[in-house]
Structures are given as structure tokens and as C-alpha cells.
Amino acid sequence: MPKSIDPMQNGLLSSLPAAEWARWRDQLEMVSLPLGKVLHESGGVQSHVYFPTTAIVSLLYMMENGSSAEIAVVGNEGVVGISLFMGGESTTNRAVVQSAGRAFRLPAAVLKEEFKRSPVLHLLLRYTQALITQMAQTAVCNRHHSLDQQLCRWLLLSLDRLQGDELIMTQELIANMLGVRREGVTESALKLQKAGLIRYSRGHITVLDRPGIEERSCECYAVVKKEYDRLLPDEMAV
């Protein structure tokens, strides 16, 4: 494992007890995740689970007509592939890299065996509950709140999983994540830029005023963050 890449940047991995980590460390493989890479398709069998360190992965629900909407984001607080230890070999969502970076992956068979051990089981179940809260709140937000509020929520969730204040993301990709038209994202992004909250240029979004973004967001972001903070160890809280 390269010394320059620290798996402890992932909250779940850093929260493993020493005995569990000793078994895992030689089976973890560091991988680079480019923007747009698909980690698993809806209905496909998953061969690995992924623990992001610097990457962010979007979980998308895919419709029959090809349209999609984001149901959750996973970054350095969690793991991609919960269906493997929740009793299923496949899932109904698609996992796509939203922000390029790195992750560590673990073979599916290893995780399923490890899930039988009490410390790992309790840790992963708490994380899963937090992720389910994010999914439920996203559904409520998409139904009841304005696109401006949804965009603010999305920006905040992404920032929590990045080390800086810049996201590399085109408006077309954001529109696909939120399940809306690109024109709507353009209009909302221009409002935030005019208010001095963000700077947007050629696929780069820089957040200039995070407190301002939080003020314009709906309550959904705060609900999700509070649940992550409640359920997960301090080092995993987003």
C-alpha cells in the first residue's frame, strides 16, 4: 500500500478496531476514480465495495427512459455498496463518480465475511441508517423544495466530503444528479453567483460564502448532517 495514500482519510476505515484493521489492510486496494466512472449499474452484481478518501460518488436511481435522479452522495465518511452486506447481491441504484479522486476497495466476499463480526456489523449498520436518512430527506427535498434550495443542499453535502471549497462539475451533470433541466440549474447557479455566494466558470464551482449557502438552503441539509453526527463516531461525522 503506497505510503502517500492514507486509507485513514475514510471515516469508516479509521473507525475500525485494531484487530479488524489488521485483517483488512492487506486486502484493501487503492484505486483512482475519474469523473463519471460507473462503479456499479442498477441490477448489476457488485464485486467490490468502495471506501472513498478524496472522491465523491453519487447514487442515482435510474428510470426506464434513461433519466435519473440522485438519491444520496457518499464521500470520505462512508462506503459504496451497502447492498452487499444488507443481504442482496445487486442494487436498484447506479453509482457514478461525481468528483474525481481516490478510494480503497475491498472484495465483496471479504466484506460479507467481516460483516458477521460484531464490531464491523454495528459500525456498518449505523452508517447505513445515516445513509437511509439522507435518501429519505433527498426524496422529500426534491418533492417539496425549490431548485435553489436543492442546489444549496447539494453543494453543502458535496463540500462536506471535499478538502477544499471548489467542485469540478458541469451544469449538465448537476442537472442529471438533481433530475431537472439544465436551464433550471443555470438559472439557480446564476442567482447564487449574483448574490456573491459562488463563482462558476467552465465546470468549476467555487463556494465563496458557505454561511450564505447554508442560510439559503432548506432544513434538509441540517437534518441529514445531524443524523450523521448522531450515529457515527466523531472522526466520521461530515
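In the block above lies the structure referred to throughout.
Residues numbered from 1 in each chain as written. Predicted model: local features only at pLDDT ≥ 70, side-chain atom pairs only at ≥ 80, totals over all residues. Heavy atoms only, no water.

A. View of the packing of helix H5 (residues 147–159) against helix H9 (residues 220–231). Taken N-terminus to C-terminus, the directions of H5 and H9 make an angle of 30 degrees; their axes are 9 Å apart at the nearest point. Classed by the angle they form, the pair H5 and H9 counts as roughly parallel. Listed contacts from H9 to Arg153, Leu156 and Leu157 of H5 are Cys220, Tyr221 and Val224. (Axes fitted to C-alpha atoms, helices over the stretch in contact; angles between N-to-C directions. Helix = DSSP H or I, 4+ residues; strand = E, 2+ residues; numbered from the N terminus. Parallel < 35°, antiparallel > 145°, perpendicular 65-115°, else oblique. Contact = heavy atoms within 4.5 Å.)

B. Highlighting the packing of helix H4 (residues 118–144) against H5. One can describe the packing of H4 onto H5 by two numbers: an axis separation of 10 Å at closest approach and a directional angle of 155 degrees. Considering the angle they form, H4 stands roughly antiparallel to H5. Of the two possible hands of crossing, H4 and H5 adopt the one that is left-handed. Contacts from Gln134, Thr138, Cys141 and Asn142 of H4 reach H5 at Gln150, Arg153 and Leu157. Tallied by class, residues from the contact of H4 with H5 come to 2 nonpolar, 4 polar and 1 charged. (Left-handed = near helix turned anticlockwise from the far one by under 90°. Nonpolar A, V, L, I, M, F, W, Y, C, P; charged D, E, K, R; others polar.)

Interpretation in functional terms is not warranted from these geometric data alone.
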